[in-house]
Structures are given as C-alpha cells and as structure tokens.
Amino acid sequence: MRFSFGFLSLIALAVTAQDTNINRVTQAFDNANIPEDISITFNPTALLEVTFPEAGANAITIHAGQQLPRDSTAGPPTFSVRGTNRRGPFVVAAVDPDAPTPQNPTSAEIRHFLGGNFFVSGNSGLLRNSTAAVSEFLQPTPPAGSDAHRYVFLLFNQPDGFNDQTLVTPTTSISNFDIAAFADAVGLGNPIAGTFMLVAPDA
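Anyway, here's the lowdown on the structure attached to this text. These figures come from a predicted structure and were not determined experimentally. (Residues numbered from 1 in each chain as written. Predicted model: local features only at pLDDT ≥ 70, side-chain atom pairs only at ≥ 80, totals over all residues. Heavy atoms only, no water.)

So, about the overall build of the chain. Broken down by element type, the chain carries four helices and nine strands. In sequence order, the secondary structure elements of the chain are arranged as α-α-α-β-β-β-β-β-β-β-β-α-β. On C-alpha atoms alone, the chain measures out to a radius of gyration of 16 Å, which is about the 17 Å that the 2.2 N^0.38 rule sets for 203 residues. The principal-axis extents of the C-alpha atoms in the chain amount to approximately 40 × 35 × 35 Å. For the chain, buried positions account for 51% of its 203 residues. Here the contacts in the chain between residues at least 6 apart in sequence split such that 74% fall between residues at least 24 apart. (Helix = DSSP H or I, 4+ residues; strand = E, 2+ residues; numbered from the N terminus. Rg over C-alpha atoms; globule rule 2.2 N^0.38 Å. Buried < 20%, exposed > 50% of the residue type's maximum accessible area, 1.4 Å probe, protein only. Contact = heavy atoms within 4.5 Å.)

Our focus in this paragraph is the sheet that holds strand β7 (residues 126-129). Spatially, the nine strands line up as an open sheet ordered β2-β1-β4-β7-β6-β5-β8-β9-β3, and their pairing is mixed. Edge positions in the open sheet fall to β2 (57-61) and β3 (66-68), since each of these has one partner strand only. Going across the sheet, the axis of each strand differs from the next one's by a mean of 35 degrees, ignoring polarity. Direction of pairing for strand β4 (residues 78-82) relative to β7: antiparallel, over a ladder of two bridges. Each residue of the ladder has a partner; that of F79, found in β7, is L127. Each of β1 (47-54), β8 (149-157) and β9 (193-199) touches helix α2 (residues 22-31); the most contacted strand, β9, lies at about 50 degrees to it. Sitting on the sheet, helix α4 (residues 179-186) is in contact with β5 (90-96), β6 (110-121) and β8, with an inclination near 10 degrees to β8. (Pairing = 2+ DSSP bridges. Axes fitted to C-alpha atoms, helices over the stretch in contact; angles between N-to-C directions.)

This paragraph deals with the layout of surface pockets. To find leftover empty space, one rolls a probe the size of a water molecule over the atoms. The space that makes up the largest pocket amounts to roughly 200 Å³. Surrounding the largest pocket, 13 residues form its lining, P77, T78, F79, F118 and N129 being those nearest its centre. Elements with a minimum of two residues in the lining of the largest pocket: β4, β6 and β7. Top contributing element to the lining of the largest pocket by residue count: β7, with four residues. Taken together, the residues that form the lining of the largest pocket break down as nine nonpolar, two polar and two charged. (1 Å grid on protein atoms, 1.4 Å probe; cavity = no way out; pocket = protein on both sides within 12 Å on 5 of 7 lines; lining within 4 Å. Points joined across faces, edges and corners; volume = space filled by probe spheres on them. Nonpolar A, V, L, I, M, F, W, Y, C, P; charged D, E, K, R; others polar.)

Once that is clear, we can look at unusual backbone geometry. Here the residue pair G75 and P76 is connected by a cis peptide bond, since its omega of 0 degrees sits within 30 degrees of zero. Looking at where P76 falls in the secondary structure, it is placed in the loop between β3 and β4. Residue E109 follows A108 across a cis peptide bond; omega there is 0 degrees. Residue placement: E109 occurs in the loop between β5 and β6. For N117, which is not a glycine, the phi torsion comes out positive at approximately 60 degrees.

Put into structure tokens, the structure is as follows:
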C-alpha cells in the first residue's frame with residue numbers, strides 16, 4: 001500500500017526531534033509505509049543521523065519524516081550513529097522508493113548511496129569510511145509534477161565478505177535497485193538504524 005504524501009507532509013511539519021527517540025523513528029517509518037514499500041523489517045536498535053552541509057549556513061541534521069527543499073540536499077551528507085557500542089564496520093544505504101513518482105514508481109528503487117567500511121570516529125558517533133563508496137551520493141532529483149519523494153537512509157552491520165560482493169559495483173545501474181534483496185544476498189540482515197526525508201521537485 002502506497003502512502004498519501006499530502007498527509008505525510010502534514011506529519012512532517014508536526015514532527016520534531018525524532019532522531020532522539022527510536023520509537024518515534026520507527027513510528028515515522030510505519031506511518032510512511034516504508035517497511036512495506038521496500039520490503040524490510042525495521043526494528044532499529046540505534047539512531048542514524050544524516051547531516052547535510054549548507055553553504056554559508058548551519059548544517060541540517062534531518063529528522064525522520066522531515067521535508068527539505070531540494071537545494072538543501074546537495075550533500076554529500078555525513079553520517080553518525082548513536083545508541084550502539086559497536087564501532088563498525090557498518091554499511092550505509094540510501095534509496096528512493098518513489099521514482100519517477102510515488103503514484104507510478106516504475107524505476108524504484110533508485111540507489112542514492114551505498115558504502116561500506118564505516119567506523120565510528122572519536123566519541124561523537126561520526127562515521128567515517130575507510131574505502132570509496134560503492135555508489136557515491138546522488139542528490140535527490142524528483143521530476144517536475146511529482147509529489148514529494150521519500151529518501152530513506154539505512155544503517156547495517158557489515159558482514160564478513162561484504163567487500164568481495166559483486167552484485168552492485170560503481171557501474172551497476174542505480175535504477176530498479178532492491179535494497180531488501182541486496183541485503184539478503186550479501187548477508188546484511190535487517191537495518192539497525194535509519195531515517196528518511198521528503199524532497200519535492202523544485203518550484
């Protein structure tokens with residue numbers, strides 16, 4: 001079942017500080033039908049923070065369900081994790097399940113980021129990867145006339161052998177990606193944390 005984004009936008013306006021509470025993040029995912037639409041089990045045990053740098057302004061750390069203007073999402077974002085004693089390695093993935101439009105997502109999922117070998121750096125929870133990303137960050141580009149898209153960020157514990165996987169490489173098409181099937185094939189298991197944002201086309 002796909003979600004009504006008009007209603008979701010109202011939820012996004014009402015949401016504050018969801019990244020401080022795992023239960024609220026989980027509820028935001030459920031309200032947006034994300035686990036159903038991308039076929040994942042989402043029972044997070046930690047909090048993922050996604051922060052976008054802003055030229056000449058304070059960086060924006062998104063809260064689950066928050067809508068951002070497209071020009072605030074150029075990135076690349078930084079990632080942090082809170083609520084886990086693990087130091088890594090982790091895998092971070094970002095997907096758009098609403099391409100080209102939420103009403104007709106024939107290209108979904110679009111892979112907007114996939115990277116492994118993330119480790120916690122210092123005491124702030126900041127994640128740094130020791131190798132190049134499999135798919136570098138791709139800024140949201142919802143087409144004119146579309147409703148806002150959901151851009152979903154997920155954090156996984158990295159299994160042994162992940163660096164040897166060849167299902168997705170830097171040359172693999174970013175369209176029609178299936179994060180659930182990929183996670184199953186390479187042994188990622190269920191995500192341990194996540195967040196998401198809404199981005200609409202430029203006015």
